[in-house]
Amino acid sequence: MPDSMSYEEESLPYVEGLRCRECGHPYPAEALHFCEWCFGPLEVVYDYEAIRKVVSPERIAAGPSSIWRYADLLPASAEGAVSLGAGFTPLVRADRLAAELGLGELWIKNDTVNPTGSFKDRVVSVALTKAQELGFKVAAAASTGNLANSVAAHAAHAGMESVVFIPADLEAGKVVTTAVFGGKLVAIDGNYDDVNRLCAEIAGERPSWAFVNVNVRTYYAEGSKTLAFEIAEQLGWEAPDHVVVPVASGSQLTKVAKGFKELELVGLIDSADSRISGAQAAGCSPIAAAFDAGWDAVKPVKPDTIAKSLAIGNPADGPYALDAVRESGGTFGSVSDEEIVEGIRLLARTEGIFAETAGGVTIATLAQLAASGAIRPDERVVAIVSGNGLKTIEAVAPHCGPTAVIPPTLDAFAEAVELPSEVF
Ligand SMILES: [Zn+2]
């Protein structure tokens, strides 16, 4: 643990401490991430009654246009936040996509426009802010790519050292966009689960490093709640009927569910009764498989999918994601690589949003669940598109190129390009 553990209690008046998610044992809000009694993961505990007394739509609207507008419900202080402006991304009404899928009111939570192009900026901004409060000097992470981008960028911005570990076979668009920030980038000859295992060992050897998704995970994960906070605020302080969430470790989904519940607890929304459904790639769908089989535990798999940002075969929050989906009345879908590519293209073609492969998983699953009737036309639906397509152009490059390549003459153009008559 770092030497200087001093941060001011009064800067976080609403954080009561941590609690084991399994046995309920309480802990102080320090650099802890698992229970000494049962090894269960720890969860941040807030004083919701106290928050309820101060929080209001007006107070939030007066805050910054970032995740830090919800600082009352976050485990780190907005003052001195490590922020590149993550969050408060557009919620885009998607009527053309809805019409294609036979749905009614559909919205896309467009997290492709975060500072490093994915929702990970939310969790990393919280994690590195907390890491600094706790006195850590080095930011580290095991990543499938997006987290690597975000940790390297936020660490650069904060003047922290960073050490990021990735599988060696990642898309070029995620390697270059991490390395450019100048931290240490270590490519491991193995898959994400191998990288994660190694990082757990390194974290044990280097207690002064803040591994955002290992020893700071309890705080880091809280950043995903802001997706739910923003969706509700952008819908006029109402929870949607149905949310479709991409699932890798399962953390984002469980935190979206927690976020809506917290808004109800503090009186910002009337009821948090959204159905929450998870989207996985068929080539790595251990949580969807457990859901279909009616299991409480998740059987690890060896990932084989183009959706590398979701390729976690042994998902840390799998059982909690299962609980959250079952409790909400939602479901899981899983989609093939071909469907993922088609999902990316469908979203781009209908709504002008270019998602990475994880977004293709979300949209293809949305289509699957709409077709099966699991998502209904009378529901107000939000699909979370969590990362930018520029990072994974390999997935769609074989299908996307110029409409025509012609010499620079009017005749060649007239011959090559047919447009609907009404555009002339
Ligand atoms: Zn415990």
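Heads up: these notes are all about the structure in this document. Remember, predicted model here, so these are calculated numbers, not experimental data.

What follows is about the overall build of the protein. For the protein, the count of helices and strands is 16 helices and 13 strands. Relative to its length of 424 residues, the protein is compact, with a C-alpha radius of gyration of 21 Å against a globular reference of 22 Å. Principal axes of the C-alpha set define a box for the protein whose edges measure 75 × 45 × 45 Å. Here the contacts in the protein between residues at least 6 apart in sequence split such that 71% fall between residues at least 24 apart. In the protein, 32 side chains carry a positive charge and 56 a negative one; their mean positions are 2 Å apart.

This part takes up helix α13 (residues 337-351). The terminal C-alpha atoms of α13, which comprises 15 residues, lie 21 Å apart, in line with the 21 Å expected from a rise of 1.5 Å per residue. Those residues of α13 that sit buried are I340, V341, G343, I344, L346, L347, T350 and E351. Directly beyond the C-terminal end of α13, a positive phi value near 75 degrees is found at G352.

Take the pattern of salt bridges next. Two side chains that carry opposite charge are able to pair once their charged atoms sit near each other. Applying the stated criterion across every chain yields a total of 28 salt bridges. E238 serves as the salt-bridge partner of R380, at 3.3 Å between the closest nitrogen and oxygen. Pair noted here: R380 is in strand β13 (residues 380-385) and E238 is in the loop between α9 (225-234) and β10 (242-246), with a separation of 142 residues, a long-range link. Residue classification places E238 among the partly exposed residues on the basis of a relative accessible area of 43%.

What follows deals with the coordination of the zinc ion. The protein atoms that coordinate the zinc ion are C20 (SG), C23 (SG), C35 (SG) and C38 (SG), at distances of 2.3 Å. In terms of primary sequence, the donors binding the zinc ion are separated according to C-x2-C-x11-C-x2-C. Taken as a pair, C20 in strand β1 (residues 15-20) and C35 in the loop between β2 (26-27) and β3 (42-46) lie far apart in primary sequence, 15 residues in all. For the pair shown, C20 and C35 are each scored as buried.

Packed helices, taken two at a time, are described by the angle their axes make and the gap between the axes. The geometry of helix α4 (residues 120-133) relative to helix α5 (residues 146-158) is characterised by a closest axis approach of 9 Å and an angle of 45 degrees between their N-to-C directions. Classified by the angle their axes make, α4 and α5 are oblique. Considering the relative orientation of α4 and α5, their crossing is right-handed. Residues K120, D121, V124, S125, L128 and Q132 of α4 lie in contact with α5, whose contacting residues are N146, L147, S150, V151, H154, A155 and A158.

Our focus in this paragraph is the packing of aromatic side chains. Summed over the entire model, instances satisfying the criterion amount to six aromatic pairs. Note on Y70 and F229: the rings are 5.3 Å apart at their centroids and 50 degrees apart in plane angle, and the pair reads as tilted. Of this pair, Y70 sits in the loop between α2 (57-61) and β4 (91-93) while F229 sits in helix α9, placing them 159 residues apart in sequence. Each member of the pair, Y70 together with F229, is buried. Between F165 and F211 the ring centres are 6.1 Å apart and the planes differ by 20 degrees, which places this aromatic pair in the stacked class. Taken together, the positions of F165 in strand β7 (residues 161-167) and F211 in strand β9 (residues 209-211) put the pair 46 residues apart, joining distant regions of the chain. The buried category is assigned to F211, whose relative accessible area is 0%. Every member of this aromatic cluster is reached through a ring pair, and the members are F165, W209 and F211. The ring centre of F88 lies 3.8 Å from the NZ or CZ of R69, which sits over that ring.

Pairing within the open sheet is parallel, and its four strands lie in the order β8-β7-β6-β9. The open sheet has two free edges, formed respectively by β8 (184-188) and β9, since each of these has just one partner strand. Strand after strand, the sheet turns through a mean of 20 degrees between neighbouring axes, direction not considered. Sheet topology note: the β7/β8 ladder contains five bridges and is parallel. Within the sheet, the bridge partner assigned to V164 lies in β8 and is L185. The strands touched by helix α7 (residues 192-205) are β6 (138-142), β7, β8 and β9; relative to β7, the strand with the most contacts, the crossing angle is about 145 degrees.

The rules behind these values
Residues numbered from 1 in each chain as written. Predicted model: local features only at pLDDT ≥ 70, side-chain atom pairs only at ≥ 80, totals over all residues. Heavy atoms only, no water. Helix = DSSP H or I, 4+ residues; strand = E, 2+ residues; numbered from the N terminus. Rg over C-alpha atoms; globule rule 2.2 N^0.38 Å. Contact = heavy atoms within 4.5 Å. Lys, Arg positive; Asp, Glu negative; His and termini not counted. Charge placed at Lys NZ, Arg CZ, Asp CG, Glu CD. Expected span 1.5 Å × (residues − 1). Buried < 20%, exposed > 50% of the residue type's maximum accessible area, 1.4 Å probe, protein only. Salt bridge = Lys/Arg side-chain N within 4 Å of Asp/Glu carboxyl O. Donors = N, O, S within 2.8 Å, 3.2 Å for Na, K, Ca; no water. Axes fitted to C-alpha atoms, helices over the stretch in contact; angles between N-to-C directions. Parallel < 35°, antiparallel > 145°, perpendicular 65-115°, else oblique. Left-handed = near helix turned anticlockwise from the far one by under 90°. Phe/Tyr/Trp six-rings, centres within 6.5 Å; stacked < 30°, edge-to-face > 60°. Lys NZ or Arg CZ within 6 Å of the ring centre and 35° of its normal. Pairing = 2+ DSSP bridges.

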